Amino acid sequence: MVDYHAANNQSSTGGVQTYMEQENDWDRDMLLDPAWERQQRKTFTAWCNSHLRKSGTQIENIEEDFRDGLKLMLLLEVIAGERLPKPERGKMRVHKINNVNKALDFIASKGVKLVSIGAEEIVDGNAKMTLGMIWTIILRFAIQDISVEETSAKEGLLLWCQRKTAPYKNVNVQNFHISWKDGLAFNALIHRHRPDLIDYDSLRKDDPVTNLNNAFEVAEKHLDIPKMLDAEDIVGTLRPDEKAIMTYVSCFYHAFSGAQKAETAANRICKVLAVNQENEQMMEDYEKLASELLEWIRRTIPWLENRTQEKTVNDMQAKQEDFRDYRCVHKPPKVQEKCQLEISFNTLQTKLRLSNRPAFMPSEGRMVSDINGAWHTLEGAEKGYEEWILSEIRRLERLEHLAEKFHQKAAIHESWTDGKEAMLTQKDYETSTLSEVKALLRKHEAFESDLAAHQDRVEQIAAIAQELNELDYYDSASVNGRCQKICDQWDVLGTLTQNRKESLERTEKQLESIDELYLEYAKRAAPFNNWMEGAMEDLQDMFIVHNIEEIQGLITAHEQFKSTLAEANKEREAIQAIQAEVHKIAQSNGIKLSGANPYTTITPASIDSKWKKAMDMVPLRDNALQDELNKQNSNDTLRAKFATQANTVGAYIQAKMEEIGRISIEMNGTLEDQLTHLKEYQKTIMSYMPEINTLEGYHQLIQEALIFDNQYTSYTMEHLRVGWEQLLTTIARTINEVENQILTRDAKGISQEQLYEYRASFNHFDKDHSGALQAEEFKACLISLGYDVENDKKRSGQMVSEDFRALLISTGNSLGDSEFARIMGIVDPNGSGAVTFQAFIDFMSRETTDTDTADQVIASFKILAADKPFITAEELRRELPPDQAEYCIARMAPYTGPNAIPGALDYMSFSTALYGESDL
């Protein structure tokens, strides 16, 4: 027996369909209209013959040919696909009645209630009853199974017609009589499914006969739908028979049902491909953003690692300004990009898990961990560069100070040694008197004292030159040359001094006149003069201090120096008194002085001049020290301001980090409420940015003032910057986690109560409130939720009932080691030993919900390919939207299996590839 319709194989004995009751109430009076009866007779006869011809027979007269019940039973066997009881072959009336009753009993067994239709009336050839019986059969076997969007039978068939004809002009299907009179609805149905058969734009609404004949002829020739009505019967009737039209239209529905399946399959494929295209775009965006960020880091690190030394403080301060510009202008956008990159990666992975796709694995070197590693390297280089700049500024300041001090002392020394070689090499004692020789000898002794006094300055010059070399002073060559020249000259002076002394001592025995007063003057004037020169050097000496204690030490030393001035002045007056005594003795004894003191070149006038100059320098030194003290007081005030702001900001960041931790654990209210609360919380945190900017301003002032320590706070700007960035990143990640939970809930159909239960269980076992479960905690959490897998059995995908869950807990039931290891491999792919709440939610949602699978996509492609193991590009372009058809064609491999034809594409491997190797 031919299987007419697979759907009819399902048993319908479960009860009488309520929508059939109205149709089964056969309106006998309706048949009194001859036009309607004629239309029904013609339509029903054609409908019956469309099925009877499958068994090689047909009927001519509907009320006569069914009287013996034989063709009626045959018709039911064909359309139901079932075997009826064996018919009786006798010619007597009782045999005919029995056959008809067998047919009616079969109809009733299918849940159809027959009203006022008996076997005797059919056997007697009652046309009205026969037509009513055939209509009941049509309703049950041709119309009942029609279902469109939760509507069935007549309503479903009408909705199907309305959907299919909606795009066509002049077609408005509202019923099964008048809406079909102009024939455009029939043509629209055919054109919608087979546009190659109908030129719809050529049809005219005012020519219904042509329209109807065109539709009926095309349907009979190309769709195997027999002509059931004449166009003239429909047009010539004020209101065509509804049952005849429904019967005719149901044939169109069944003829195009295959196309409907193909459309459903195409929609499924479109949905899957759209998800895949969106995911691929997100992957491309991630790869691009990751590459750009890594490239920026790659370019920036060499700049931060460059340690090319500059020659001056100004040059290094220019580098410091460039670094500050990098910190404030160039780096903040990259911090945002890094945060956005992590959020995009997490969102993409969530979407892939929700759509049952394999996890996204970025190309080598572009993992989030790689980016974090590169970022960590960048921050290390950044910290090292900043420390290097500050140390270089200190070094250059020290170098400039030492270089200036070196040249100052060298100039003084060179001034003092000027002419000394000539003095030591002259032979004046050869022609001098005894007194003159003695004077020369005493003068030489005074010179030796002076020379010894300058030894300390020479050693200072050499020490400064050595320190400049050790600090890598850029002009060390010039310093070394000048220092070497001074040292060589000093050695020559020592040798010459010793030679002259020996010469004078040889002559001393012959010369005995010496002026003790001159000698005494010379001996006292020379060290006093040297002391004054040293004092003037100290008063002009540059100084660098970094705190109040250092400047106060200098002020104390200066005050001690001033306290010695009175005693020094007494010494000056005593020296001047010696010179006065010389003049007094010479004047009282009539001695004519030859001129200057023969033992020294230091005159009383030079002593007074230097004393006045030194005294003028004292108040200048006072003012300079006081200005530096004021500066250090100002710096100390700046330290206190920075410390106050830093302590406030540090406490704020720490409190907010702890508060975010509590929020992420508690998560009260719905996910939407949590998301709203978190975003408001994020706005509150961002409103604190002016305080950070204020702190940055203080930090800039401190750096400009070259302040390198702060005893008022343990916070540094670097620590607070890192803390602030971590705070912003943490709140962004928490918001992203809630958004992913909403996405998971909506995509997987998880209720709010389930999420609360999962959160409560997770928090219960998160004893340390770290936001992650250790392996044993996670295992206990699964058991508390009733996850029952033992002895390494494959998971069932369902959670047990509440009673059984309690039993599991009370009996101490546990997961098998192998199964638990498999689960840990899913929720902790990196092997960290901890399970985050997002990973826990993803696992629970995967265990309790269904998703599209590769098998479903393969089945959909198989429908489009008409059950072939391959599909062609033409079929894809016909069934799918253009962009998704080309997407498939570009990615499907050629089919090389059995019955392959040119251009055949392998849709099976393509479908499994969409879901990864796990679904193969």
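Residues numbered from 1 in each chain as written. Predicted model: local features only at pLDDT ≥ 70, side-chain atom pairs only at ≥ 80, totals over all residues. Heavy atoms only, no water.

A. Seen up close, the overall build of the protein. For the protein, the helix and strand inventory stands at 34 helices and seven strands. Counting the 920 residues in the protein, one finds 46% classified as buried. Contacts spanning at least 24 positions in sequence make up 76% of the contacts within the protein whose residues lie at least 6 apart. Total accessible area on the protein is roughly 45,400 Å²; 50% of this is exposed by carbon and sulfur atoms. (Helix = DSSP H or I, 4+ residues; strand = E, 2+ residues; numbered from the N terminus. Buried < 20%, exposed > 50% of the residue type's maximum accessible area, 1.4 Å probe, protein only. Contact = heavy atoms within 4.5 Å. Areas by Shrake-Rupley, 256 points an atom, 1.4 Å probe, with all protein chains shown as cover.)

B. A look at unusual backbone geometry. Backbone geometry at Asn 170 places phi at a positive 65 degrees, although glycine is not the residue there. Mapped onto the elements, Asn 170 comes out in the loop between α8 (153-165) and α9 (184-193). For Asn 170, a relative accessible area of 47% gives the class partly exposed. Located in the positive-phi region is Asn 899, a residue other than glycine, with phi close to 60 degrees.

C. View of the nonpolar core. One finds Trp 47, Ile 137, Trp 180, Phe 186 and Phe 252 to be the most contacted residues of the largest nonpolar core, which totals 78 residues. Here this core gets eleven residues from one element, more than from any other, and that element is helix α7 (residues 127-143). (Core = buried A, V, L, I, M, F, W, Y, C linked by side-chain atoms within 4.5 Å.)

D. View of the packing of helix α27 (residues 775-784) against helix α29 (residues 817-827). With their axes 11 Å apart at the nearest point, α27 and α29 run at an angle of 105 degrees to one another. Regarding the angle of α27 to α29, the classification is roughly perpendicular. Seen from α27, the contacting residues are Ala 775, Phe 778, Lys 779 and Leu 782; seen from α29, they are Asp 817, Phe 820, Ile 823, Met 824 and Val 827. (Axes fitted to C-alpha atoms, helices over the stretch in contact; angles between N-to-C directions. Parallel < 35°, antiparallel > 145°, perpendicular 65-115°, else oblique.)

E. Examining the confidence of the model for the protein more closely. The pLDDT averaged across the protein works out to 80; a share of 87% of its residues lies at or above 70. At the low end of the mean pLDDT range in the protein sits helix α28 (residues 802-810), at 38; at the high end sits strand β6 (residues 893-894), at 92. Ignoring residues within four places in sequence, the model shows residues 510-514, a span with pLDDT below 50, making 22 contacts including any to other chains. Low confidence marks residues 789-814, where pLDDT is under 50. Its contacts with residues over four positions away, or in another chain, come to 46 contacts. (pLDDT = per-residue confidence, 0-100.)

F. Just the sheet that holds strand β5 (residues 871-872), in detail. On the basis of which strands lie adjacent, the open sheet formed by three strands has the order β5-β7-β6 and antiparallel pairing. Bordering the open sheet on either side are β5 and β6, each of which pairs with just one other strand. As paired strands, β6 and strand β7 (residues 904-906) are joined by two bridges and run antiparallel to one another. Residue Pro 894 lies in a different strand from β7, and its bridge partner there is Leu 905. The strands that helix α34 (residues 907-914) touches are β5 and β7; relative to β7, the one it contacts most, it runs at about 30 degrees. (Pairing = 2+ DSSP bridges.)

G. Layout of the side chain of Asn 175. Mapped onto the elements of the fold, Asn 175 is located in the loop between α8 and α9. Among the polar contacts listed, one links the side chain of Asn 175 to the backbone nitrogen of Ile 178, at a separation of 3.2 Å. Looking at Asn 175, its side chain comes within polar contact range of the main-chain nitrogen of Ser 179, at 3.0 Å. Leave out the neighbours within four places in its chain, and Asn 175 touches Leu 158 and Trp 180. (Polar contact = N/O pair within 3.5 Å; in protein donor to acceptor, adjacent residues only side chain to side chain.)

H. Spatial organisation of the UniProt feature "coiled-coil region" (unreviewed entry) in the protein. Following the UniProt record, the feature "coiled-coil region" (unreviewed entry) maps to residues 272-299 and 437-471 here. Here residues 272-299 runs as 100% helix and 0% strand, with 41 Å between its end C-alpha atoms. Summarising residues 437-471: 97% helix, 0% strand, and an end-to-end C-alpha distance of 50 Å. (UniProt positions renumbered as here; feature names shortened; annotations may be inferred.)

I. Structural context of the pattern of salt bridges. Across all of its chains, the model carries 50 salt bridges by this definition. Residue Lys 351 pairs with Glu 278 through a salt bridge whose shortest N-O separation is 2.9 Å. Here the residue Lys 351 occupies a position in helix α14 (residues 313-354), and Glu 278 occupies one in helix α13 (residues 257-305), the gap between them amounting to 73 residues. The partly exposed category is assigned to Glu 278, whose relative accessible area is 41%. The shortest N-O distance in the salt bridge between Lys 683 and Glu 680 comes to 3.9 Å. Taken together, the residues span about one helical turn, with Lys 683 and Glu 680 both in helix α23 (residues 671-686) at a distance of three residues. (Salt bridge = Lys/Arg side-chain N within 4 Å of Asp/Glu carboxyl O.)

J. Up close: the state of the cysteines. In the structure shown here, the tally under the stated rule is zero disulfides. No disulfide involves Cys 483; its sulfur sits 4.1 Å from that of Cys 487, the nearest cysteine. (Disulfide = S-S within 2.5 Å.)

K. Focus on the environment of Tyr 915. By the secondary structure assignment, Tyr 915 is in the segment after α34. Taking the C-alpha atoms as reference points, Tyr 915 and Pro 358, 557 residues apart in sequence, are found 5.8 Å from one another.

L. Representation of the packing of aromatic side chains. Enumeration over the complete set of coordinates arrives at 31 aromatic pairs. Taken together, Trp 296, Trp 303, Phe 323, Tyr 326, Trp 375, Tyr 385 and Trp 388 form an aromatic cluster joined through their ring pairs. In this structure, Lys 420 is placed above the aromatic ring of Trp 416, and the distance from its NZ or CZ to the ring centre is 4.9 Å. The aromatic ring of Phe 820 is capped on one face by Lys 779, whose charged end is 5.3 Å from the ring centroid. (Phe/Tyr/Trp six-rings, centres within 6.5 Å; stacked < 30°, edge-to-face > 60°. Lys NZ or Arg CZ within 6 Å of the ring centre and 35° of its normal.)

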